[in-house]
Each structure stands twice: as structure tokens, then as C-alpha cells.
Amino acid sequence: MARALINVPAKAKRGEVVAIKTLISHVMESGFRYSNTGQLIPRNIITWFQCTYNGEEIFSAELHAAMAANPFITFHTVATESGKLEFTWTGDNGFSATESATITVE
Amino acid sequence: MIWRALLLLGAVLAGAASSAFGAEIPSGERRSAYDLMSRETKAMQDDDTANPGTFSVLDGEALWSAKAGTADKACADCHGDARASMKGVAARYPAFDPAHRRPLDLEQRINVCRTEQQKAPALAHESKELLALTAYVARQSRGIPISIAADRMVEFLDAGRSLFYRRQGQLNLACSQCHDDNWGKSLAGNAIPQGHPTGYPLYRLEWQTLGSLQRRLRNCMTGMRAEPYAYGAPENVALELYLMWRARGLAMETPAVRP
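Residues numbered from 1 in each chain as written. Chains lettered and ligands numbered in written order. Predicted model: local features only at pLDDT ≥ 70, side-chain atom pairs only at ≥ 80, totals over all residues.

1. Considerations on the overall build of chain B
Part 1: For chain B, the count of helices and strands is eleven helices and seven strands.
Part 2: A compact globule built from 259 residues should have a C-alpha radius of gyration of about 18 Å, and chain B, at 20 Å, falls within 12% of that.
Part 3: Considering chain B as a whole, with its 259 residues, one finds that 37% of them fall into the buried category.
Part 4: In chain B, the share of contacts with a sequence separation of at least 24, taken over all contacts with a separation of at least 6, comes to 73%. (Helix = DSSP H or I, 4+ residues; strand = E, 2+ residues; numbered from the N terminus. Rg over C-alpha atoms; globule rule 2.2 N^0.38 Å. Buried ≥ 20, exposed ≤ 12 C-beta atoms within 10 Å, placed from the backbone. Contact = placed C-beta atoms within 7 Å.)

Below, the structure is given as C-alpha cells:
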């Protein structure tokens, strides 16, 4: 089971720039490594990350094989209205994880 | 002339002997390797939602109350809430175990509990489960100064100390040559730490995963081109014991992040 940690301020002033931090547990196996017995370890990475704010996409990213395990993605957005931030990670072998956070804008 | 040369030789030898054994870092100068890290890596360790070690702590919290073995008992059934019962425990390990008449490190203690109390098979060294349980237990000691009660473990402590000062491997190096004599300087672009095990099990960026102190010790030995001791070997536990005793007074940081 994938675990994700989200750090979003619970409250913000309207128009304030807020930092959003996300961390997800994932091996990010590059597909270029060999096991002790000489077998190629198949690629297993997250390929896509998306964040929506009240349904509208505010940030997305493509991830590639050179990225470290447990990807930590942090970005900023302008707090426009109270609502829900939804985070989605998708990847190899049908990997999919979602997480959400609420923000109150005053 | 000969007498003068011999005297000189004697003085050199005495000097070499004292520098090999007398260079222990005084308590005022003891530093965690945290101090040598970049601002970014420090920030990663300090923020639980940025520290990948948190995943293991959360896994360990779930395992703490999961029943295991034929005794069908969870850690929590005997020890209750780990946040109270395990507070400060990791700061005094490895600790002497009267039944086994030797010191056990935290991983071994957890496995003794598993095999003797839970009647469950021991967890493998460096397995996700053992690291998670160890990280969860050690997390409860964060901020607590390391304090080893060495009185019943003097012979084991001495064994660890002599390993620390013994030259070994093809490079003929002793732990002390880096971590007592040259800490703070660089080794191939990396800062040499004093070698205090304040944050184990810790997330090492190089490993991209959590690892135990024994894994780190085996890494160091491979680097010295020495044959690493097996996981759980008495030599490794003796070294762990000496290193924790040497780090006495420093605060626990588990789960730490290191480059």
C-alpha cells in the first residue's frame, strides 16, 4: 500500500501564495538495474503527478526513471477560495494513489 | 649516537601509541553529523512530512498493535502505548540482557520479544518490518540524550573500543583514523562525521531507503576493504555499543536523514 504525506496550510488569506508539499512512498525502480542473479529488474516508477484545486488542475508533472525513491514534490499556488486540493499519482503496473487536503481561505 | 636514535625512536613510538588511544573526542566537541549537512537535507529531516523515514515510523506504528505469532499477541498487549512505554528506550540500547548474558541491540531485542513472547519467527535483518518496528520504537526517544549503562557490559564495551581502534582491511585503516582524528575534514568531497549513531535507523539518500546502524558499519568496512561482520555478529553489536557509549549526551534524532 502506498502511503502519501501532504502538507498544506489549513488556513490562508485570500490571494496569499501558499506552499504545498507532497511525499509519497514508492521504490522508483529505474529499469536499468540488475539483481544479484543477473536478472534485469523491471522498471517500476511513478510516471504522472497531478494536483487539482476545486477540480481545476493547478500543477502536474511527468516523472522519469532517473528520479529518486519516495518522490518529494513541492510547489506553490495562490489561495483563491476555500475548498479541496486533490492529489493523484499514477505509474507502472497500474499504480494509482490519491490523497486530498482542505484549505480554508479567509 | 645509537642511544640517541633509540631514545628518539622510543619517543616516536610512545607518541604514536598515545595518539592511537588518547584521541577520544571531549564531550564539549561532540557533534552529530546533522551539523555537517546541507540546509536542504536538514530541512528534510526536520519536517516529518518531508522526511521519508516517516513512512517506516507509520508502518511500525501499525505493526506495534498487530497481533503476531502463535501467542496471538501484539507488542501493544504487553507494552501498551509506545509513546509512553518506549520513551527513552532507544537512547539506552544496546543494553545488557541477563538471560542471554550479553548486550542486545534494539533489533535483537525486538526479535527476542517476537520469538519468546509472541512465539513468532524472528524478522530478518534489514527487512522492512524490522526496520519499521525499530524506527517506531526509536522515534519515541527523539530529543532524549543517549545514555548507556555500561557497568555490566565492560568487557563488551572494551571489545567494541578495541575494534574501533584496530587497523583492518586492505587499506589498513582504523575507524578512529577518520572519526576521531580527522572529523570535519573531507573525504572525496564528503565531510567526515564524528561517527555518532544518533539517528538510526535512518534514511540515507544514497541508499534511497531506511537502514540500520549495522548496515552502515558494514558499508564502512567494505570501504576500508575489510570483510564486514555478519548482521547480528557479536563484533557488530560490540561496535554499536561502543559507538553509542562514545556518543553519550547527544540527543536522539530517529528517523534521521543523511546524505
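Once the structure has been displayed, the description carries forward.
2. What about the interface of chain A and chain B?
Many analyses report the size of an interface as the accessible area lost when the parts associate.
Part 1: The partner chain B presents eight residues to the ten residues of chain A that form the contact.
Part 2: Across the side of chain A that touches chain B, the residue classes tally to five nonpolar, three polar and two charged. (Nonpolar A, V, L, I, M, F, W, Y, C, P; charged D, E, K, R; others polar.)

3. Comments concerning helix α3 (residues 53–64) of chain B
Part 1: Along its twelve residues, α3 of chain B runs 17 Å from first to last C-alpha, staying within 8% of the 16 Å computed at 1.5 Å per residue.
Part 2: Along α3 of chain B, the residues classified as buried are Gly53, Thr54, Phe55, Ser56, Val57, Asp59, Gly60 and Leu63 of chain B.
Part 3: Elements in contact with the buried residues of α3 of chain B: β1 (4–7) of chain A together with α7 (128–139), β5 (202–204), β6 (209–211) and β7 (257–258) of chain B. (Expected span 1.5 Å × (residues − 1).)

4. Some remarks on the pairing of strand β8 (residues 96–105) of chain A
Residues and elements named next belong to chain A.
Part 1: Here strand β2 (residues 11–12) runs beside β8; their pairing, made up of two bridges, is parallel. By the bridge assignment, Ala12 is partnered in β8 with Val105.
Part 2: Inspection of the sheet shows strand β7 (residues 83–91) paired to β8 by eight bridges, in the antiparallel sense. Paired with Gly83 across the strands is Ile103, a residue of β8.
Part 3: Between β7 and β8, which pair antiparallel in sequence order, lie four residues; one of them, Asn93, sits at a positive phi of approximately 55°. (Pairing = 2+ DSSP bridges.)

5. Considering the confidence of the model for chain B
Part 1: A residue-level look at chain B finds 91% of positions with pLDDT of 70 or above and a mean pLDDT of 91.
Part 2: Under the prediction, the complex receives an ipTM of 0.87, its pTM being 0.88. (pLDDT = per-residue confidence, 0-100.)

6. A look at helix α10 (residues 213–223) of chain B
Residue and element names in this part refer to chain B.
Part 1: Turning to α10, its buried residues number three or more, namely Leu213, Gln214, Arg215, Arg216, Leu217, Arg218 and Met221.
Part 2: Where α10 is buried, its residues contact β6 and α11 (234–246).
Part 3: Arg225 sits one or two positions beyond α10 and adopts a positive phi of about 60°.

7. Concerning the sheet that holds strand β6 (residues 72–78) of chain A
Residues and elements named next belong to chain A.
Part 1: Pairing within the open sheet is antiparallel, and its three strands lie in the order β1-β3-β6. The strands lining the two open edges of the sheet, one partner per strand, are β1 and β6. Averaged over all neighbouring strand pairs, the angle between strand axes comes to 15°, with direction disregarded.
Part 2: With seven bridges connecting them, strand β3 (residues 17–24) and β6 associate as antiparallel partners. (Axes fitted to C-alpha atoms, helices over the stretch in contact; angles between N-to-C directions.)

8. Brief notes about the nonpolar core
Part 1: Membership of the largest hydrophobic core comes to 46 residues, with the highest contact counts inside it found for Ala90, Leu133, Ala135, Tyr136, Val137, Ile146 and Leu241 of chain B.
Part 2: Residue contributions to this core peak at eight residues, all from α7 of chain B.
Part 3: Ignoring any residue separated from it by four or fewer positions in sequence, one finds Leu241 of chain B in contact with Pro94, Pro103, Ile148, Met153, Phe156, Leu157 and Gly160 of chain B.
Part 4: Counting residues in each nonpolar core, the second largest holds eight residues, with Leu5, Met28, Ile45 and Ile46 of chain A among its members. (Core = buried A, V, L, I, M, F, W, Y, C linked by C-beta atoms within 7 Å.)

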